[in-house]
Structures are given as C-alpha cells and as structure tokens.
Amino acid sequence: MTAQKMSEISLQNLPPMRMACYQAVSAEPENDSARFMDAWAAARGLRDVRRFGFDSPVSSEQAKAGLRGYEQWYSVPEGIAGADGVMIRQFPGGRYAVLRLFNPFEAPFETIPAGWQHLHEWVQSQADVKGGCHQCLEELVPGEGGTLDLVLYYPVE
C-alpha cells in the first residue's frame, strides 16, 4: 500500500463516550449494521454522531455459511434509550495508536487488512509503546471529494 493511502501513525486518547450499539451477522455486516444504525439514529433526530465499529465473532456454522459479524457503535447523548435491538453502553475511552486510511473502500479487502497489519507492526516495533487490551475500533469519517475515510484505533497502554 502506498503512503498516499494512509496517514502517519499517532498516539491519541479517545474520551469516554455513551454508545448506541448494534451487531449484525450477514454476508455484509458492516453495510447492514451501518444502514440499520443510520436509520435508527435518523429516527431519533441524531446528527453528527461518531461512528465506530469492529468485527465480532460468529459461530463456526455461521462462518461456514459465509457469514461474518460486525458491531456498530454510534455516540449518543444522555436521554437516548436503547430500542429495536440497540443497546446503550458506556465506552470508557482509552489510549490508541491511530492510522487513517484514505478512501479505503476502493479496495476494502486489501486496504483495510493492510492498514491493520501496518499499525500492528508499528506498535510491535516501538520500544516505548505496549499493546493494550481494550477494544480495537474503526471509525468512519468524511474524506476528500465526498469519500469516506477509515480511522483505525489500535489499543495501547
């Protein structure tokens, strides 16, 4: 992957956030969970939410059937209740090594795994950075020209 496809790696702290969480299991769980959560958020008048996600486990039977799992987290204010399969959780925040992938959806099955590999190798190569145990996250953010970028968050201590 070329350098123009990704940012430099930085260390950042994500603040605590209140999250609306929904998990999909399907052949395209990222898209299915995002469509569901976009409609769920719109029905509640929510705008400017932060949109995070991560792979979630599936059973061996589901995997054999070509299904994958993905969980979406949308930041929500106090007063928003879970409903329709959406749970509200308090995300405690944490420290992360962060890498932004520019327009990764041109070739997502190459670009995104390569980004995670690059980030993992960077964390492993740093003498003063140790991997953490909190949740890896992917955040959808607006890119240039109407595209979407993906920010990868690798937990560190």
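Quick caveat, the model's predicted, so the values are computed rather than measured.

**Q** Just to check I follow, could you spell out the nonpolar core for this structure?
**A** As a rule of thumb, soluble globular proteins bury nonpolar side chains together. The biggest cluster of nonpolar side chains holds 15 residues, and the ones touching the most others in it are Ala97, Leu99, Leu119, Leu152 and Tyr154. At the level of elements, strand 6 (94-101), helix 3 (108-125) and strand 8 (148-155) are the ones that each hand at least two residues to this core. Among the elements that make up this core, the one with the highest residue count is helix 3 (4 residues). If we skip the residues at most four places from it in the chain, Ala97 touches Ile9, Ser10, Leu11, Leu119, Trp122, Val123, Leu152, Tyr153, Tyr154 and Val156. By size, the runner-up hydrophobic cluster in this structure holds 14 residues, among which are Phe52, Trp73, Val98 and Leu137.

**Q** Looking at this structure, how should I read the environment of Gln126?
**A** Within the fold, Gln126 resides in the loop between helix 3 and strand 7 (137-142). Taking the C-alpha atoms as reference points, Gln126 and Gly82, separated by 44 residues in sequence, lie 40 Å from one another.

**Q** Where do I start with the packing of aromatic side chains in this structure?
**A** The geometry of an aromatic ring pair is captured by the separation of the ring centres together with the interplanar angle, meaning the angle of the planes. Throughout the structure, instances matching the rule amount to 5 aromatic pairs. The interplanar angle of 15° and the centroid separation of 3.9 Å between the aromatic rings of Tyr22 and Phe36 together place this pair among those described as stacked. Highlighted residues: Tyr22 in strand 2 (residues 17-26) and Phe36 in helix 1 (residues 29-43), separated in sequence by 14 residues. Residue Phe36 is classed as partly exposed on the basis of its relative accessible area of 27%. Summarising the aromatic geometry, the rings of Phe52 and Tyr153 are spaced 5.9 Å apart at their centres and angled 55° between planes, so their arrangement reads as tilted. One end of the pair, Phe52, is in strand 3 (residues 51-56); the other, Tyr153, is in strand 8, and 101 residues separate them in sequence. Looking at Phe52, the relative accessible area reads 1%, which means it is buried. Taken together, the ring pairs in this structure connect Phe52, Tyr96 and Tyr153 into an aromatic cluster.

Thresholds, definitions, all that
Numbers given to residues run from 1 along each chain, matching the order in which its sequence is written. Totals for whole chains, interfaces and linings use every residue, but because this is a predicted model, local features are given only for residues with pLDDT of at least 70 and side-chain atom pairs only at 80 or more, for both listing and counting. Values shown for side chains rest on all heavy atoms present in the structure; no hydrogens or waters enter the calculation. Among buried residues, the Ala, Val, Leu, Ile, Met, Phe, Trp, Tyr and Cys ones that are joined through side-chain atoms within 4.5 Å form a nonpolar core. Under the scheme applied here, a residue whose accessible area is under 20% of the maximum for its type counts as buried, over 50% as exposed, and between as partly exposed, the area being computed with a 1.4 Å probe on protein chains only. For helices the rule is a DSSP run of H or I covering at least 4 residues; for strands it is a run of E covering at least 2, with both sets numbered from the N terminus onward. By definition in these notes, contact holds between two residues if any of their heavy atoms fall within 4.5 Å. Any two rings among Phe, Tyr and Trp, with Trp reduced to its six-membered ring, count as a pair given centres within 6.5 Å; such a pair is stacked if its planes are under 30 degrees apart, edge-to-face if over 60, and tilted if neither.

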